[in-house]
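Geometric and topological summary
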Amino acid sequence: MCHIVALPYPGRGHINPMMNLCKLLVSRNPNVFITFVVTEEWLSFIGSGHGNHNNIRFETIPNVIPSELVRARDFLAFVESVSTKMEAPFEKVLDFLQVEAPVVSAIIVDTFLAWAVDVGNRRNIPVASFWSMSASLFSVFHHFELLVQNGHFPVELSERGEEVVDYIPGLASTKLADLPTIFYGSGRQTLQRALESVSKVSKAQCLLLSSVYELEAKVNDTLKAKFPFPVYPIGPTIPYFEIKRNLLTPTSLNIKNEPDNYFHWLDSQPDSSVLYVSLGSLWSVSSVQMDEIVAGVRNSGVRFFWVSRGDTSWFKDGCVDRGIVVPWCDQLKVLCHSSIGGFWTHCGLNSTLEAAYAGVPMLTFPIMMDQVPNSKLIVEDWKIGWRVKKPEIGSESLVTRDEITELVKRFMDLNNDERKAMSKRAREVQEICQEAVAENGSSITNFDAFLNDISLAHFN
Ligand SMILES: O=c1ccn([C@@H]2O[C@H](COP(=O)(O)OP(=O)(O)O[C@H]3O[C@H](CO)[C@@H](O)[C@H](O)[C@H]3O)[C@@H](O)[C@H]2O)c(=O)[nH]1
């Protein structure tokens, strides 16, 4: 029996891919047993949804960090708590597990929980660091010194945002304004913590990337060459294994017990006619900008499926005749429905990869952090999306309702030649993702190699 302890960073965009990776591991090998460690609050959010897997069980640590419900209000305080308060209770969980059989064979930890690498090393337990963002971004952090050496850090984006960075190993040329906001804009105070986390990876025994090898081949090769230990791209770490068989039969995606059965609504819409709108699980845009987005999409006359995260104030006049507003949904299943023709996204990596896997073109509206370079990947490198919001050079600008209306109309017009080319490319990228997770595909091969490493204690 191979007992793995999984420790995700406490946020939806990190817990989901870690859970998906764990489900895949136990499905590849029935001798794998996983203890998934989250805060008590997070267990209350996810327990019922994920708790029915025989070989995955939960352990909790107390709520020593700010609640998920308020963490976006003071992100710096949240990052500091996560960096300093979780270690001691996590050690207690390990103490408890270590007197139990089976012994812990490995820890998989989110890269941003740098301290857990030291915990594993002190106890002689191999640590696999899991990076839930793009491989390209990992390379940028890992080679941060090059930005400094080339005079690109620190800089004012308003003066130099158009300058090109072409020296990060494996990374396609990119403008400074397309680098993560943590370097030059919002979240800057947490940069030091992020850099420490990435540099701590060299003390782990393996690196798991949520990247699809073929979609970031150069940068994945660079990282493999860089580290003395295995680097495994295993993406997309999305729940494709839960829908794979149903992909081509939309009505069978129906969830019988879903209280608001939005799949019925989707079933009744024409193919590729619906714009799916979701801005992820945490961040929000300003309310002035939100007014413009809602008005712009509505005025376009395009059908829409809107995830409100419970805030329906923008739709209180009830005027949603061509659309549906839900508090939350089964996102990948929705994206795979044949009526979905586009995704207005904030470019979180999970959403990005879910759209890529589903072959759905994107309208990109990054809010912060890695979402900015993800937007560049989507639009310029993979060519499966258009930008709504240009990278910020200087002060934050508003995208108006009229601009949005015009863009959404063109984007959802299936007869538009530019749109046709983008849809074709989206299908090619979809094929790349689906091949990566097919038997003998790059990600599945990497999963198996990782499992083999753990069971043979091959790390080092
Ligand atoms: O109605 C919904 C909306 C979202 N989701 C899921 O929520 C997750 C959202 O993840 P992501 O798209 O990555 O966005 P964030 O929650 O914002 O993710 C954080 O974590 C990501 C991975 O590190 C980063 O790329 C983002 O910038 C960061 O904000 C995905 O699994 C979605 O499938 C649902 O299940 N239902």
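The numbers attached to residues start from 1 for each chain and follow its sequence in the written order. In keeping with the predicted nature of the model, local features appear solely for residues at pLDDT of at least 70, side-chain atom pairs appear and are counted solely at 80 or more, and the whole-chain, interface and lining totals rest on all residues. Note that the side-chain values use all heavy atoms of the structure and ignore hydrogens as well as water.

**Quick word on the overall build of the chain**
How we decide: Runs of H or I in DSSP of at least four residues are treated as helices and runs of E of at least two as strands, each being numbered from the N terminus. Here the radius of gyration uses the C-alpha set of atoms, whereas the globule reference equals 2.2 Å times the residue count to the power 0.38. Counting rule applied: Lys, Arg positive; Asp, Glu negative; His and chain ends not counted. The atom standing in for a charge is NZ when the residue is Lys, CZ when it is Arg, CG when it is Asp and CD when it is Glu.
Along the backbone of the chain there are 19 helices and 15 strands. For 460 residues, the compact-globule formula gives about 23 Å, and the C-alpha radius of gyration of the chain, at 22 Å, lands near that figure. Across the chain, the centroid of the 41 positively charged side chains sits 2 Å from that of the 52 negatively charged ones.

**Looking at the packing of aromatic side chains**
What counts here: Stacked, tilted and edge-to-face are the three classes assigned to paired rings of Phe, Tyr and Trp, where Trp is represented by its six-membered ring and a pair needs centres within 6.5 Å; plane angles under 30 degrees give stacked, over 60 edge-to-face, the rest tilted. Buried, partly exposed and exposed residues are distinguished by accessible area as a fraction of the type maximum, computed with a 1.4 Å probe on protein chains only: under 20%, between the cut-offs, and over 50%, respectively. Ring-over charges, as used throughout, are those where CZ of Arg or NZ of Lys falls within 6 Å of the ring centre and within 35 degrees of the ring normal.
By the definition in use, this model includes 27 aromatic pairs. Plain terms: the ring middles of Trp131 and Phe138 are 5.1 Å apart, the flat faces sit at 85° to each other, and that makes the pair edge-to-face. Classification of Trp131 by relative accessible area gives buried; the value is 0%. On the accessibility criterion, Phe138 (0% relative accessible area) is buried. Judged by centre distance (5.6 Å) and plane angle (70°), the rings of Trp386 and Phe411 are edge-to-face. Of this pair, Trp386 sits in strand E15 (residues 385-387) while Phe411 sits in helix H17 (residues 401-411), and the two are 25 residues apart along the sequence. The ring of Phe78 carries the charged tip of Arg71 above its face, separated from the ring centre by 4.7 Å. Its end group placed over the ring of Phe411, Arg419 keeps NZ or CZ at 5.3 Å from the ring centre.

**Digging into the site of the ligand**
Definition in use: The near set for a molecule or strand comprises every residue that places at least one heavy atom within 4 Å of it. For this analysis, a polar contact is any N or O atom pair within 3.5 Å, provided that within protein one partner can donate a hydrogen and the other can accept it, and provided that sequence-adjacent residues contribute only side-chain to side-chain pairs. Under the convention used here, a 1.4 Å probe and the Shrake-Rupley method define accessible areas, while residue burial counts only the protein chains that appear. Each residue gets one of three labels, nonpolar for Ala, Val, Leu, Ile, Met, Phe, Trp, Tyr, Cys and Pro, charged for Asp, Glu, Lys and Arg, and polar for the others, Gly among them.
Near the ligand you find 22 residues, and of these Ser281, Cys329, Asn350, Ser351 and Asp370 are the closest. One of the side-chain N or O atoms of His346 is found 2.8 Å from an oxygen atom in the ligand. Residue Glu354 places a side-chain N or O atom 2.8 Å away from an oxygen atom belonging to the ligand. Bound to the protein, the ligand loses 94% of the 700 Å² it would expose on its own. Mapped by element, the contributors of at least two residues to the shell around the ligand are helix H1 (12-28), strand E10 (274-278) and helix H15 (349-358). Split into classes, the residues belonging to the shell around the ligand amount to seven nonpolar, 12 polar and three charged.

**Observations concerning the pattern of salt bridges**
Oppositely charged side chains are able to pair whenever their charged atoms sit close together. Let me state the cut-off plainly: Here, a salt bridge means any side-chain nitrogen of Lys or Arg that lies within 4 Å of a carboxyl oxygen of Asp or Glu.
One pass over the full model with this rule turns up 23 salt bridges. Residue Arg123 is joined to Glu91 by a salt bridge in which the shortest nitrogen-to-oxygen separation is 2.6 Å. Highlighted residues: Arg123 in the loop between helix H5 (115-122) and strand E5 (127-131) and Glu91 in helix H4 (residues 87-98), separated in sequence by 32 residues. Assigned by exposure class, Arg123 and Glu91 land together as buried.

**Overview of the sheet that holds strand E12 (residues 323-326)**
Worth spelling out the cut-off: We call two strands paired when DSSP finds no fewer than two bridges between them. Whenever a helix is involved, its axis is fitted only over the stretch in contact; in every case the axis is a line through C-alpha atoms, and angles between N-to-C directions fall within 0 to 180 degrees.
If you walk across this open sheet you meet the six strands as E12-E11-E10-E13-E14-E15, and the pairing is parallel. Each edge of the sheet is formed by a strand with only one pairing partner; in this case those strands are E12 and E15. Adjacent strand axes in the sheet meet at a mean angle of 15°, parallel and antiparallel pairs treated alike. Both E10 and strand E11 (residues 303-307) contribute to a ladder of four bridges, which runs parallel. Residue pairing in the sheet places Leu275 in a bridge with Phe304 of E11.

**Section: the pairing of E10**
When a strand is regular, its side chains alternate between the sheet's two faces. Filter applied, for reference: Here, the term right-handed applies to a crossover whose path from the first strand over the helix to the second runs clockwise when the strands point away from the viewer.
Burial within E10 is extensive, with five of its five residues counted as buried. Each parallel crossover has a hand, and the one from E10 via helix H13 (residues 287-300) to E11 is right-handed. In this structure, E10 lies alongside strand E13 (residues 340-345), joined through five bridges in parallel fashion. Bridge assignment links Leu275 to a residue of E13, and that residue is Gly342.

**So, the environment of Gln371**
What counts, and what does not: Any two residues having at least one pair of non-hydrogen atoms within 4.5 Å are treated as being in contact.
Looking at the element boundaries, Gln371 is found in helix H16 (residues 371-381). Judged by its relative accessible area of 4%, Gln371 falls in the buried class. Linking Gln371 and Met133, residues 238 residues apart in sequence, is a C-alpha distance of 9.3 Å. Non-local contacts of Gln371, meaning those with residues more than four positions away in its chain, are made with Trp283, His346, Cys347, Gly348 and Pro366. A polar contact is formed between the side chain of Gln371 and the backbone nitrogen of Met368, at a distance of 2.8 Å.

**Digging into the state of the cysteines**
Rules: When the sulfur atoms of two cysteines come within 2.5 Å, that pair is taken as a disulfide.
Per the counting criterion, the structure on display carries zero disulfides. Not engaged in a disulfide, the cysteine Cys336 finds its nearest cysteine sulfur in Cys433; these two sulfurs lie 11 Å apart. On the basis of relative accessible area, Cys336 is assigned to the buried category, the value being 11%. A residue is classified by how much of its surface remains accessible, and Cys433, at 0% relative accessible area, is buried.

**A short note on H17**
Buried within H17 are the following residues: Ile404, Thr405, Leu407, Val408 and Phe411. Of the surrounding secondary structure, the elements contacted by the buried residues of H17 are E10, H13, E13, strand E14 (362-364), E15 and helix H18 (417-436).

**What to know about the nonpolar core**
What counts here: In these notes, a set of buried Ala, Val, Leu, Ile, Met, Phe, Trp, Tyr and Cys residues joined through side-chain atoms within 4.5 Å is what counts as a nonpolar core.
Ranked by internal contacts, the top residues of the largest apolar core, which has 87 residues, are Trp131, Phe141, Phe183, Leu275 and Trp344. With sequence-adjacent residues up to four places away left out, Phe183 is seen in contact with Val140, Phe141, Phe144, Leu147, Phe153, Arg188 and Leu191. Counting 73 residues, the second largest nonpolar core, distinct from the first, contains Phe36, Ala106, Cys347 and Ile384.

**Some thoughts on empty space enclosed by the protein**
Stated precisely, the cut-off is as follows: A 1.4 Å probe that fits but cannot get out identifies a cavity on a 1 Å grid over protein atoms alone, an open set with protein on both sides within 12 Å along at least five of seven lines counts as a pocket, and a residue lines either if it has an atom within 4 Å of a point. Grid points are joined across faces, edges and corners, and a volume is the space filled by probe spheres set on the points.
As enumerated under the stated definition, the model contains three cavities of 30 Å³ or more in all. Taken as a whole, the largest cavity holds about 40 Å³ of empty space. Taken together, Ser134, Ser211, Val212, Leu215, Glu216, Leu349, Leu353 and Trp382 make up the full set of residues lining the largest cavity.

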